[in-house]
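Each chain, written out:
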Amino acid sequence: MGRALAGPDAMRTTQHARVVYVALLLVTIPVGLAWRMVPLGLSPFLFKYGGSVLWAVALYWLVAACLPRLGSAALAGIAAILAAVLEFSRLWHTPAMDAFRITLAGRLLLGRYFSPKNIAAYWLGIGLAALGDRWLRQRSGTRLGRK
């Protein structure tokens, strides 16, 4: 490993990483929406859990865009905790939350029903995104947000 970048070089590397992560997020979102909204003829299992995996991949890219200087393991940990907290939030019911959950935005962002299987799907997606992130970092010769 080389020494850490400082000054303008570090800022450029961080900005580049953020742009890459936002681009990956902007690619993942329409793929996930198409997965759930376009009749692709997927089995119920692939439809349900493939969408959950893609949602988690998007969450990883969002966390990475917000914290581009962190390593892929730290990003995966943060995304995994956020995904689990969000899944457990489905056990909390208020009229306002339940009203939001039945909207399209609520279904896509929060989901409606708690399922431990969703957490497993989220963690699988986050793990796959972290592996992809690690591969991108190695291929680019940097750790994207840091050297």
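Here is a short report on the structure shown in this document.

### Some remarks on the environment of Val 63
- With respect to the secondary-structure elements, Val 63 resides in helix α2 (residues 44-66).
- For Val 63, a relative accessible area of 7% gives the class buried.
- Counting along the chain gives 19 residues from Val 63 to Leu 82, while the straight-line C-alpha distance between them is 9.5 Å.
- Every residue in contact with Val 63, bar those within four places of it in the chain, is listed here: Leu 75, Ile 78, Ala 79 and Leu 82.

### Considering helix α3 (residues 72-89)
- Taking 1.5 Å per residue as the helical rise, α3 with its 18 residues ought to reach 26 Å, and the 25 Å between its terminal C-alpha atoms agrees with that figure.
- When α3 is considered as a whole, its buried residues turn out to be Ser 72, Leu 75, Ala 76, Ala 79, Ala 80, Ala 83, Ala 84, Leu 86, Glu 87 and Ser 89.

### Section: the layout of surface pockets
- As a volume, the largest pocket reaches approximately 830 Å³.
- Along the wall of the largest pocket there are 28 residues; nearest its centre are Arg 36, Trp 55, Arg 107, Leu 108 and Leu 109.
- For the lining of the largest pocket, the secondary structure elements donating two or more residues are α1 (8-37), α2, α5 (104-109) and α6 (116-140).
- Each residue belonging to the lining of the largest pocket can be placed in one class, and the counts come to 16 nonpolar, seven polar and five charged.

### Some details on α6
- Taking 1.5 Å as the rise per residue, α6 with 25 residues should run 36 Å; its terminal C-alpha atoms sit 36 Å apart, in good agreement.
- Just past α6, the residue Gly 141 takes up positive phi, approximately 80°.

### Focus on the nonpolar core
- In this structure, Tyr 21, Tyr 60, Trp 61, Leu 75, Ala 79 and Ile 126 are the most contacted members of the largest nonpolar core, which totals 24 residues.
- Broken down by secondary-structure element, the contributors of at least two residues to this core are α1, α2, α3 and α6.

### Some points on the side chain of Ser 72
- Position of Ser 72 among the secondary structure elements: in helix α3.
- Residues within four places of Ser 72 in sequence aside, it is in contact with Tyr 60, Ala 130, Asp 133, Arg 134 and Arg 137.

### Structural notes on the pattern of salt bridges
- On inspection of all chains with the given rule, the structure shows three salt bridges.
- Between Arg 90 and Glu 87 there is a salt bridge, and its shortest N-O distance comes to 2.5 Å.
- A salt bridge links Asp 133 to Arg 137; the nearest nitrogen and oxygen atoms lie 3.0 Å apart. Linking Asp 133 with Arg 137, this pair stays in helix α6, spanning four residues, or about one helical turn.
- Classification of Asp 133 as buried rests on a relative accessible area of 0%.

About the cut-offs
Residues numbered from 1 in each chain as written. Predicted model: local features only at pLDDT ≥ 70, side-chain atom pairs only at ≥ 80, totals over all residues. Heavy atoms only, no water. Helix = DSSP H or I, 4+ residues; strand = E, 2+ residues; numbered from the N terminus. Buried < 20%, exposed > 50% of the residue type's maximum accessible area, 1.4 Å probe, protein only. Contact = heavy atoms within 4.5 Å. Expected span 1.5 Å × (residues − 1). 1 Å grid on protein atoms, 1.4 Å probe; cavity = no way out; pocket = protein on both sides within 12 Å on 5 of 7 lines; lining within 4 Å. Points joined across faces, edges and corners; volume = space filled by probe spheres on them. Nonpolar A, V, L, I, M, F, W, Y, C, P; charged D, E, K, R; others polar. Core = buried A, V, L, I, M, F, W, Y, C linked by side-chain atoms within 4.5 Å. Salt bridge = Lys/Arg side-chain N within 4 Å of Asp/Glu carboxyl O.

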